[in-house]
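Overview (structure and organization)
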Amino acid sequence: MKKILFLSLLLLNAQLYAQKNTAETSGNPLFKGWYADPEGIIFGKEYWIYPTFSAPYNKQVFFDAFSSPDLIHWTKHSTILDTARVKWAKRAMWAPSIIEKRGKYYLFFGANDIQSDKEKGGIGVAVANHPAGPFTDYLGKPLVDKFHNGAQPIDQFVYKDGNNYYLIYGGWRHCNIAKLKDDFTGFVPFEDGSTFKEITPENYVEGPFMFKKNGKYYFMWSEGGWTGPNYSVAYAIADSPFGPFKRVGKILQQDPKVATGAGHHSVIHHKKDDAWYIVYHRRPLGETDGNARVTCMDQLFFDENGLIKPVVITNEGVEKRLLGK
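For the structure given in this document, a descriptive report is provided here. Note that this is a predicted model, so its numbers are computed, not measured.

Looking at the packing of aromatic side chains
For the structure on display, the rule yields 32 aromatic pairs. Centroid distance phenylalanine 31 to phenylalanine 66: 3.7 Å. Interplanar angle 5°. Geometry classified as stacked. Here phenylalanine 66 lies in strand 3 (residues 62–68) and phenylalanine 31 lies in the loop between helix 1 (2–21) and strand 1 (35–43), a separation of 35 residues in the sequence. Residue phenylalanine 31 is classed as buried on the basis of its relative accessible area of 9%.

Things to note about the pattern of salt bridges
It is possible for side chains bearing opposite charge to pair when their charged atoms get close. All told, the structure shown has 11 salt bridges when counted by the stated rule. Put simply, lysine 76 and aspartate 64 hold a salt bridge, and the shortest N to O gap is 3.8 Å. Of this pair, lysine 76 sits in strand 4 (residues 75–82) while aspartate 64 sits in strand 3, placing them 12 residues apart in sequence. Under the relative-accessibility criterion, aspartate 64 is labelled buried at 3%.

Considerations on the sheet that holds strand 8 (residues 136–137)
Ordered in space as 5-6-7-8, the 4 strands form an open sheet in which the pairing is antiparallel. Whereas interior strands pair on both sides, the edge strands pair on one side only; in this sheet they are strand 5 (94–101) and strand 8. Judged from the 6 bridges that link them, strand 5 and strand 6 (residues 104–111) form a sheet pairing that is antiparallel. If you follow serine 97 over to strand 6, its bridge partner there is phenylalanine 108.

Brief notes about the pairing of strand 5
Most of strand 5 sits inside the fold, with 7 of its 8 residues counted as buried. In this structure, the hairpin formed by strand 5 and strand 6 is closed by a connection of 2 residues, where arginine 102 is found at a positive phi of approximately 50°.

Quick word on the pairing of strand 9 (residues 157–161)
Summarising burial for strand 9: 4 of the 5 residues are buried, a large majority. In the sheet, strand 9 pairs with strand 10 (residues 164–169) via 5 bridges, with the strands oriented antiparallel. From the neighbouring strand, aspartate 161 faces strand 10, where its bridge partner is asparagine 164. Between strand 9 and strand 10, which pair antiparallel and follow one another directly, the connecting turn spans 2 residues, one of which, glycine 162, has a positive phi of 65°.

So, unusual backbone geometry
The step from asparagine 28 to proline 29 runs through a cis peptide bond, and the omega angle for that step is 5°. Mapped onto the elements of the fold, proline 29 is located in the loop between helix 1 and strand 1. Going from glycine 133 to proline 134, the amide bond is cis rather than trans, its omega being 5°. Residue placement: proline 134 occurs in the loop between strand 7 (122–128) and strand 8. In this model, phenylalanine 184 sits at a positive phi of 65°, which is unusual for a non-glycine residue. One non-glycine residue, asparagine 203, lies in positive phi territory at about 75°.

Rules behind the numbers
- Per chain, residues are indexed from 1 in the order of the written sequence.
- It should be noted that, the model being predicted, local features are given only for residues of pLDDT at least 70 and side-chain atom pairs only at 80 or more, the latter also being counted only at that level, while totals for whole chains, interfaces and linings use all residues.
- Side-chain calculation: all heavy atoms of the structure are included, whereas hydrogens and water are not.
- Ring pairs are drawn from Phe, Tyr and Trp, using the six-membered ring of Trp, whenever the two centres fall within 6.5 Å, and their geometry is named by plane angle: stacked under 30 degrees, edge-to-face over 60, tilted for the rest.
- Numbering of helices and strands runs from the N terminus; a helix is a DSSP stretch of H or I covering at least four residues, while a strand is a stretch of E covering at least two.
- Only protein chains enter the calculation, and the probe is 1.4 Å; a residue is then buried if its accessible area is under 20% of its type maximum, exposed if over 50%, and partly exposed in between.
- Should a side-chain nitrogen of Lys or Arg be within 4 Å of a carboxyl oxygen of Asp or Glu, the pair is scored as a salt bridge.
- Strands were regarded as paired on the criterion that DSSP finds at least two bridges between them.

Right, dumping it as structure tokens:
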């Protein structure tokens, strides 16, 4: 009898383990912990997410990263970069953006939350040989350390368009675009002699992101206040990464039945299946602390005219999807 009971327990445990490891959806949030401003990207056969560690500014002194082969199971890579490896950065390390070039991985980040040109900080660059780091300071100083066109040097996004690489960034309701040098050590001036071009659309606050679909440039950003329930994402479409960008409308916002403060996002495109995902942060119901933010993912859909449909935020998340061989 004891042997039969023991075997039954083993079978039950095996079934529970199998159920856990064949989850049909990712669930939201994707992983434990307070994380915000996530950038999602594909490297090889893995999905990667690089978020802000959501905490008071003086505790925001490092970055973690997360990887997954299938959008369901996520592995945490701790402290891929911290202020100990960036001597000019003291606090408020925000909104990482990463890109691979010639076998190197370049992580762009904001630090110190500078309020004027007199303070030290801004947008920096770190480099590593692997997506999980460890990353080290690339320049020994910020890449952007001043306010240009009124844009606070935060919320950076690196965008590759053909053979060109651009830095799109900005807080305080202003957004700039600048062309990066080939080695990412600085910028190449535009033909008119300017280095930072303002592309700020209507209602822009922060958190820019751009992608290209069917020859059109989709420019997305966050609106509202990041600590409030009105935080959200809107977008515009143009024929050029320089715009002009005319606001189309809001596509991501809170659902009082699911979560509040949904915003500061990125987009992942699974090219083989032509599946699109939006990675974003939101605040769980009942949480009032501004830093109580979690990273989530839901699917992104387009209508027959190429316009983005309003995102349905869920607790279920997204279905399993491998990147293929």
